[in-house]
Amino acid sequence: MKMRATIWIMILLVLACAGWVNVDNYFRPTPVAFNIPKGWPQPVYDFKSNPLTREGIALGRELFYDGRLSKDGNFSCGSCHQQFGAFNSYDHNLSHGFNNSLTTRNAPGLFNLAWQKEFMWDGGINHLDLQPLAPMTAANEMAETIENIIRKLKADKNYRQKFRSAFGDETINTQRITRALSQFVLTLVSSNSKYDRVMRGEDTFILPEKLGYEIFKKKCTSCHTEPFFTDFSYRNTGLTSDPYLKDDGRMKITGKSADSLKFRVPSLRNVGRTFPYGHDGRFFSLLQVFEHYRKTMTVMPNTDSLLRNRLPLSNFEIGQLTAFLYTLTDSVFLKDPRFGPPGSENNDKPPVDFHP
Amino acid sequence: MKLIASMFCLLLLAGWRSPEPGGIVLRFENRAGNEVLIPGNTYVLRNGDTVTPYRFKYYISRIKAVSGDGRSVSLSDEHYLIDAADSASQVIALKDPGFPVAMISFVIGVDSIRNVSGVQTGALDPLHGMFWTWNSGYVMAKLEGSSPASHIAGRQFTYHVGGYRDENNTTRTVQLHLPDGMNQQNITVIADINAWFSGKNKIRISSTPVCHSPGELAMQLADNYSTMFSIARP
C-alpha cells in the first residue's frame, strides 16, 4: 500500500514538473522587433509595458476588423479606418456610426502612432492603449459597452485561444483587448513614400516636386515638421466654428479660452489619399486648403502667430507644392498585405469598400 | 493513502489565506445624514433638497495608519472602488500596522500616474464606468440621482468629479483621528453625501445639476466631499 502510494506520488510530481516546463515554453509568444526608420527619433510608446509579439499583432488585427466590437456588429475599427485611405474614412468628411449617425469629426489616417503622445483632434486622449475605448463606447460610433465586447469575445473559442497565445492565458479584459489593438496599429508605419526614397538617396524628385519641396521648407515645415510632417502641436488656423458641430477643439480639453478652435496639426504623409481635410472634413481638395490659407481663413485673436497675415501663396507655388505633397503617398503602406483584414493577403480581389 | 490525504490537506492549507492577525478591516458606510444610503431610496438633504441617489461610487487609495507619535505606515498600494450598490466593495482588509493607530489617512481619487499609463486592470479597469474616454482620466468620485429640485431632463443630477492635472487635480487626502479606546481592528468610516452640497462650497441641484469635466466645479465638489468622512463611534 505504502509502496504504491509513493509510486503514484512520484508519477504525479514528474507529470506536474513536465507540465510546468512545457506550459512555460508552449505559451511564450514570438517577439517582434519594432523597426525605427533610418533617421527617425525613438518612439514615445512604451514597448516595455506591451512588447510586440506575432500573436499579439495577429490578435489586434483580428479585433481591428471585427464588427462585434460594435453594438450591432456593423462597425469595426476598419470600417472607418480604411487601408486604401491610409486608414482614414476615405472620401467621407464625417464617418458613419451606429444607427445612421454621423461622427462630429473627420477620422484621421492611422500611421506612425508609436511617435504620437496624444490622440484625437483635441489631444484629449493621453495614451494609445486608451484610444479605442472612445470610438467603442461613443453612441455615434460603435455604441457598445466594454462589458458586452468582453462578453462577446469570451463566448468565442477562437478568441479565447488567441488571447492565450498572445498573453499566456484565456483572460479577456479591457487591458488585453486594447493592448492587442495597440500592437497591431503600432505596426502601421508609413515610411516608404517617394519622399522617403529620395531622402534615402534611392530616387530623385522631378522638377516640380523639387521646387515644391523648397517652397514647403520655406512656408510649411514650422508646423508640418519632417519626418512626421506634423509637430503634434495644437493651433488655431482660422477655421471658423461650424454652427451645428459647435466644436471648440482643444479648449474642450484644457478649458482655456486661449485654446479655442485649436486642433492638432495633421500629418501630411499620404495626404493625397486622406481627403477630405480639416478636423471636420470641410475641405474636399488640396486646392480648397490652399485657398483657405491664402484667402478665406478668418484671423482670430488666438490664430497662430505664423498665420497673422494668412499664408501668401501664388498659383505657381500651389502647383509645385501639390506636386511635392503627392510624393508623400506611400503606396507600399497602402497595399501592405499585413495590414488588411485577416486572410486578405491570400486574396487577389481588390479590397472591399465596406463603409456601412 | 494517509500520506496522500495529508498532502492534500497541506495544499489546501497553503492555498487558504486567513486574514492577517492584527490586520485592520476598514468598512465604508454610505449615508445621507443619519440614514444608510441605499441606491433608489429617497432622502432629504440638510439643505432641504429631496434626492433619490442611484449611483454613488468613489476611489480610495494610499491608505495609511499613523501612530500617536507620528509614525506612518502604508497599509496598501491598491486602489479600491467603493460602490454604494455593492456591499462587498465597502469592506477593505488591510495589513497590521504594527502599532496602535491614532489616525487613518487615505486619498479619495486615483494617482496621477495611473491616469497617464494606458489601460489598467482590477478596480481601475475602465469598464467600471469611472473613466473618461474622450478626455483621458479617472472619474474620482461619482454621485448621480434624481431630485425635484433639478430642472434638466429626467430631473437628474449627475456629478462626475475628475481631473488629475496640476491646477485641476481632484485627488484629496483625508485624515481621520480614531476616538480613544475604540476597536483598532474594525474601523467604520461614514461617508455622508450631505457634504457634496453643504461643504465649503454651497452646491444646489437647482442651479448646478451637472459636472462632467475637470475644472472649477469639479474642484469645488472635491473640496466638499473630502469632508464627507467621519469615524463611526462605537
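Quantities reported herein were computed from a predicted structural model and do not represent experimental measurements.

### Overview of the packing of helix α2 (residues 54-64) of chain A against helix α7 (residues 174-186) of chain A
Residue and element names in this part refer to chain A. It is at 7 Å that the axes of α2 and α7 come closest, and there the two elements cross at 100°. Here α2 is positioned roughly perpendicular relative to α7, judged by the angle of their axes. Every residue of α7 that contacts α2 at Gly56, Ile57, Leu59, Gly60, Arg61, Leu63 and Phe64 is listed here: Ile177, Ala180, Leu181, Ser182, Gln183 and Phe184. Of the residues that constitute the contact of α2 with α7, the class distribution is eight nonpolar, four polar and one charged.

### Points about the domain arrangement of chain A
Residues and elements named next belong to chain A. Parsing chain A into structural domains produces domain 1 (54-189) and domain 2 (194-329). Computed from C-alpha atoms alone, the centre-to-centre distance between domain 1 and domain 2 is 27 Å. Domain 1 puts 21 residues into the contact, and the matching count from domain 2 is 23 residues. Grouping the constituent residues of the side of domain 1 that touches domain 2 by class yields six nonpolar, 11 polar and four charged.

### Comments concerning the UniProt feature "domain: Cytochrome c" (unreviewed entry) in chain A
As annotated in UniProt, the feature "domain: Cytochrome c" (unreviewed entry) corresponds to residues 196-329 of chain A in the numbering used here. When the span residues 196-329 of chain A is considered, its composition is 33% helix and 3% strand, and the gap between its end C-alpha atoms is 10 Å.

### A closer look at the packing of helix α9 (residues 207-219) of chain A against helix α12 (residues 315-326) of chain A
Residue and element names in this part refer to chain A. Their axes nearest at 7 Å, the elements α9 and α12 cross at an angle of 105°. Comparing the axis directions of α9 and α12 gives the class roughly perpendicular. Contact with α9, carried on its side by Pro208, Glu209, Leu211, Gly212, Tyr213, Ile215 and Phe216, involves Glu317, Gly319, Gln320, Leu321, Ala323 and Phe324 of α12 and no other residues of that element. Taken together, the residues of the contact of α9 with α12 break down into eight nonpolar, three polar and two charged.

### Some words on the interface of chain B and chain A
Facing 17 residues of chain B, the contacting portion of chain A comprises 21 residues. Here the side of chain B that touches chain A is built from residues that sort into eight nonpolar, eight polar and one charged.

### A few points about the UniProt feature "binding site: heme c 1" (unreviewed entry) in chain A
Residue and element names in this part refer to chain A. In the numbering used here, UniProt assigns the feature "binding site: heme c 1" (unreviewed entry) to Cys77, Cys80 and His81. For Cys80, the position within the fold is in helix α3 (residues 77-80). Leave out the neighbours within four places in its chain, and Cys80 touches Ser89, Ser95 and Ala107. Within the element layout of this structure, His81 appears in the loop between α3 and β1 (96-97). Leave out the neighbours within four places in its chain, and His81 touches Phe87, Asn88, Ala107 and Leu110.

### Quick word on the environment of Thr174 of chain A
Along the polypeptide, Thr174 of chain A turns up in helix α7. Along the backbone, Thr174 of chain A and Pro312 of chain A are 138 residues apart, and their C-alpha atoms lie at a distance of 49 Å. Not counting residues up to four positions away in its chain, the partners in contact with Thr174 of chain A are Ile146 of chain A together with Val119, Asp125, Pro126 and Leu127 of chain B.

### Some points on the pairing of strand β10 (residues 137-146) of chain B
Residues and elements named next belong to chain B. Taken across its 10 residues, β10 has nine buried, putting it largely inside the fold. Where strand β4 (residues 50-67) and β10 come together, six bridges link them in antiparallel fashion. Bridging from a neighbouring strand, Phe56 pairs with Leu143 of β10. Of the strand pairs in this sheet, strand β9 (residues 131-132) and β10 are connected by two bridges, and their pairing is antiparallel. Counted as the bridge partner of Trp132 is Gly137 from β10.

### Description of the nonpolar core
Ranked by size, the top nonpolar core spans 51 residues in total, and within it Tyr59, Ile60, Ile108, Met140, Val161, Trp196 and Leu221 of chain B carry the most contacts. Here this core takes seven residues from β4 of chain B, the largest share from any one element. Setting aside residues no more than four positions away along its own chain, Val161 of chain B makes contact with Val139, Met140, Ala141, Thr170, Cys211, Ala218, Leu221 and Ala222 of chain B. Counting residues in each nonpolar core, the second largest holds 46 residues, with Leu59, Met120, Leu128 and Leu153 of chain A among its members.

### Topic: the confidence of the model for chain B
All names here are of chain B. Averaged over every residue, the pLDDT of chain B is 92; residues scoring 70 or more account for 91%. Across residues 9-18, confidence stays below pLDDT 50; counting only partners more than four residues off in sequence or on other chains, it has zero contacts. Of the two predicted TM-score estimates for the complex, the pTM is 0.87 and the ipTM is 0.82.

Scoring rules and cut-offs
- Residues numbered from 1 in each chain as written.
- Chains lettered and ligands numbered in written order.
- Predicted model: local features only at pLDDT ≥ 70, side-chain atom pairs only at ≥ 80, totals over all residues.
- Axes fitted to C-alpha atoms, helices over the stretch in contact; angles between N-to-C directions.
- Helix = DSSP H or I, 4+ residues; strand = E, 2+ residues; numbered from the N terminus.
- Parallel < 35°, antiparallel > 145°, perpendicular 65-115°, else oblique.
- Contact = placed C-beta atoms within 7 Å.
- Nonpolar A, V, L, I, M, F, W, Y, C, P; charged D, E, K, R; others polar.
- Domains from an automatic or database assignment.
- UniProt positions renumbered as here; feature names shortened; annotations may be inferred.
- Buried ≥ 20, exposed ≤ 12 C-beta atoms within 10 Å, placed from the backbone.
- Pairing = 2+ DSSP bridges.
- Core = buried A, V, L, I, M, F, W, Y, C linked by C-beta atoms within 7 Å.
- pLDDT = per-residue confidence, 0-100.

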